[in-house]
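# Summary of structural features
These are the residues of each chain, in order.
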Amino acid sequence: MNFDLTSEQEMIKRTLRGFADEEVAPGVLERDRTKQFPVEIFKKLADMGIMGLPFPEEYGGGGADTVSFAIVVEELSRVCGSTGITYSAHISLGGAPLYLFGTEEQKQKYLTPICTGESFGAFGLTEPNAGSDAGGTRTTAIEENGEFVLNGNKCFITNASYARHLALTAVTGQSNGKKEISAIIVPTSASGFTVIDNYEKMGLHSSNTTELVLEDVRVPAENLLGKRGEGFRQFLITLDGGRIGIGAMAVGIAQGAYEKALAYSKERKQFGKSISSFQAIQFKLADMAMKIELARNMVYKAAWLKDNGRNFSKEAAMCKLYASEICMEVTDQAVQIHGGYGYMKEYHVERMMRDAKLLEIGEGTSEVQRMVISRLIGC
Ligand SMILES: Cc1cc2nc3c(=O)[nH]c(=O)nc-3n(C[C@H](O)[C@H](O)[C@H](O)COP(=O)(O)OP(=O)(O)OC[C@H]3O[C@@H](n4cnc5c(N)ncnc54)[C@H](O)[C@@H]3O)c2cc1C
């Protein structure tokens, strides 16, 4: 057993900690208020070679491991959940399916601009009537004369306004009386493709969440990602990796809220003493620190299993479930420790609490994680 980060992972952690504090934290309240997408931050991350971090260098990536990816997501999320989810979705939902299932030509054409940061990565699975039951996809892709003709709607899709292309799932036919779901790469500039950025969200205000409308969108048949009918299996594999990203985001937001609460508890005086001298407050902080430590270890373990080519589906579901639930608890308690000030935007913790809620919903709700874990432990 070895719990130490490698020297490369340590360096990434140090670099991203500094970058997050100096470049991401300063505008976070303003971006939350104005819902401005942090394009400039991502240009800088692209210059640092971070946008393709876990993908091979031949596609413009950094050749790093999943633990390093989790570290980047944690450090960005510690100061800004919106920046964290944008990066996490870019890599694990946008880039990963292209890397895992794309042909060499598709990787060169579509993964490379994601790694260099010229395009953001996005993934279109959820539909108005197909959320937890993603197999309920109604978007269709009918093959005619060497092209797929796509029609349908996707909802809640992260990053699509800033993506040049994205993989999405669609019904390509019937096989043995069942829907045949395939993944198809669609350029967002295609005729008949509309990306709508119009949601009024609870949190993650400066992340981009969109509706996609496809009306007779035509793409060449060669844009099929992987094999026909494999779309459902591909998105399950993609989501396994994505859950490590959500787990890391949860650890980051929780860590940020805990640090704010610890610092505030030392400054705030009531009854003539710092509130950190009250055991009720100390015990809250102790519980927060313990839960964050455990969640981080779970995220690292799932990432390590993935990096070592081992099965990691159960650990990914567990780390996502545990980390998102403790993130909600920790951010709630961080607001509590701040008292009335915690309810005010300038103290940051209310934003963290709003941002945290998505983590119990996106990439499989907590109920779905429990279903996945139950299946994997043989219930
Ligand atoms: C900000 C944001 C970003 C997102 N980004 C993306 C993205 O980039 N790409 C993408 O494809 N999707 C994305 N999503 C969609 C997200 O993954 C779905 O919202 C999520 O999977 C839940 O689906 P749903 O909203 O339809 O809820 P539903 O599936 O309708 O669930 C409603 C409730 O019923 C529960 N439930 C459902 N089925 C069961 C069951 N069998 N047993 C017990 N309880 C059940 C759920 O747990 C939940 O509590 C995003 C969502 C948000 C809000």
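So, how was this worked out
Residues numbered from 1 in each chain as written. Predicted model: local features only at pLDDT ≥ 70, side-chain atom pairs only at ≥ 80, totals over all residues. Heavy atoms only, no water. UniProt positions renumbered as here; feature names shortened; annotations may be inferred. Salt bridge = Lys/Arg side-chain N within 4 Å of Asp/Glu carboxyl O. Helix = DSSP H or I, 4+ residues; strand = E, 2+ residues; numbered from the N terminus. Buried < 20%, exposed > 50% of the residue type's maximum accessible area, 1.4 Å probe, protein only. Domains from an automatic or database assignment. Contact = heavy atoms within 4.5 Å. Buried area = accessible area lost by both parts, 1.4 Å probe. Polar contact = N/O pair within 3.5 Å; in protein donor to acceptor, adjacent residues only side chain to side chain. Near = heavy atom within 4 Å. Areas by Shrake-Rupley, 256 points an atom, 1.4 Å probe, with all protein chains shown as cover. Nonpolar A, V, L, I, M, F, W, Y, C, P; charged D, E, K, R; others polar. Axes fitted to C-alpha atoms, helices over the stretch in contact; angles between N-to-C directions. Parallel < 35°, antiparallel > 145°, perpendicular 65-115°, else oblique. Left-handed = near helix turned anticlockwise from the far one by under 90°. Arc of directions from axis to C-beta. Expected span 1.5 Å × (residues − 1). Patch = residues over 30% accessible without salt bridge, like charges linked within 9 Å, V, L, I, M, F, W, Y side chains within 5 Å.

The protein goes by Acyl-CoA dehydrogenase in an unreviewed UniProt entry, where it is assigned to Neobacillus bataviensis LMG 21833. Quoted verbatim from the Sequence similarities (unreviewed entry) heading of the UniProt record, the comment on the protein is "Belongs to the acyl-CoA dehydrogenase family."

## Here's the deal with the pattern of salt bridges
All told, the structure shown has 26 salt bridges when counted by the stated rule. In this structure, the salt-bridge partner of arginine 218 is glutamate 144, at a minimum N-O distance of 3.3 Å. With arginine 218 in strand E7 (residues 209–220) and glutamate 144 in strand E2 (residues 140–144), this pair connects stretches of sequence that are 74 residues apart. Accessibility expressed as a relative area gives 43% for arginine 218, which makes it partly exposed. The class of glutamate 144 is partly exposed, set by a relative accessible area of 33%. With its nearest N and O atoms 3.6 Å apart, the salt bridge here joins lysine 345 to glutamate 350. Each of Lys13, Arg17, Glu74, Glu75, Glu293 and Arg296 takes part in one network of salt bridges that share partners.

## Digging into the domain arrangement of the protein
How large an interface is tends to be reported as the accessible area lost when its parts come together. Partitioning the protein into domains gives domain 1 (7–116), domain 2 (123–229) and domain 3 (233–376). Of note, the centres of domain 1 and domain 2, computed from C-alpha atoms alone, are 23 Å apart. Listed as interface residues are 23 residues of domain 1 and, on the opposing side, 17 residues of domain 2. Its largest share of buried area at the contact with domain 2, domain 1 owes to Lys35, Phe37 and Tyr110, together 31% of the area lost on that side. The tally of links from domain 1 across to domain 2 stands at 1 salt bridge.

## Points about the environment of lysine 201
Looking at where lysine 201 falls in the secondary structure, it is placed in the loop between strand E6 (193–196) and E7. When the C-alpha positions of lysine 201 and alanine 64 are compared, they lie 33 Å apart, and in sequence the two are 137 residues distant. One polar contact links lysine 201 to serine 207, side chain to side chain, over a distance of 3.0 Å.

## Concerning the site of the ligand
Not every one of the 17 residues close to the ligand is listed here, only the nearest: Thr126, Ser132, Phe156, Thr365 and Glu367. Between a nitrogen atom of the ligand and a main-chain N or O atom of phenylalanine 156, the distance comes to 2.7 Å. Note that an oxygen atom of the ligand is positioned 2.8 Å from one of the side-chain N or O atoms of glutamate 367. Contact with the protein chains hides 63% of the accessible area of the ligand, taken as 980 Å² for the molecule alone. Listing elements by their share of the shell around the ligand, those giving two or more residues are strand E3 (147–158) and helix H11 (366–376). In terms of residue count, E3 provides more of the shell around the ligand than any other element does, 3 residues in total. Class assignment of the residues belonging to the shell around the ligand gives a composition of 8 nonpolar, 7 polar and 2 charged.

## Topic: the side chain of threonine 137
Turning to its location among the elements, threonine 137 is positioned in the loop between strand E1 (123–124) and E2. A polar contact is formed between the side chain of threonine 137 and the backbone oxygen of alanine 134, at a distance of 2.7 Å. In this structure threonine 137 touches Glu127, Ala130, Lys154, Thr169, Ala170, Val171, Lys179 and Ile181, once residues within four positions along its chain are discounted.

## Section: the environment of alanine 316
Topologically, alanine 316 is positioned in helix H9 (residues 313–338). Once residues within four sequence positions are removed from consideration, alanine 316 is found in contact with Asp240, Arg243, Ile244 and Ala302.

## Comments concerning the packing of helix H8 (residues 279–307) against H9
Closest axis-to-axis distance for the H8/H9 pair is 9 Å, and the angle between their directions is 155°. Judged by the angle between their axes, H8 and H9 are roughly antiparallel. The hand of the H8/H9 crossing is left-handed.

## Observations regarding H11
Listed in full, the buried residues belonging to H11 are Ser366, Val368, Gln369, Val372 and Ile373. Down the axis of H11, the buried side of the element spans an arc of 155°, and every buried residue falls inside it. The exposed set on the far side of H11, more than 90 degrees from its buried face, consists of Glu367, Met371 and Arg375. Along its buried surface, H11 packs onto helix H7 (231–267) and H9. In the stretch just after H11, glycine 378 is the one whose phi turns positive, near 85°.

## Here we look at helix H5 (residues 81–101)
With 21 residues, H5 should cover 30 Å at 1.5 Å per step; its first-to-last C-alpha distance of 29 Å lies within 8% of that length. Burial analysis of H5 places 19 of its 21 residues in the buried class, the great majority of the element.

## Focus on the UniProt feature "domain: Acyl-CoA dehydrogenase/oxidase N-terminal" (unreviewed entry) in the protein
Using the residue numbers shown here, the UniProt feature "domain: Acyl-CoA dehydrogenase/oxidase N-terminal" (unreviewed entry) corresponds to residues 6–118. End C-alpha atoms of residues 6–118 are separated by 30 Å, and the span's content is 73% helix alongside 0% strand.

## Considering a nonpolar patch on the surface
On the surface, Tyr99, Leu100 and Ile237 cluster together to form a nonpolar patch covering roughly 230 Å² of accessible area. Residue position: tyrosine 99 is located in helix H5. A relative accessible area of 31% places tyrosine 99 in the partly exposed class.

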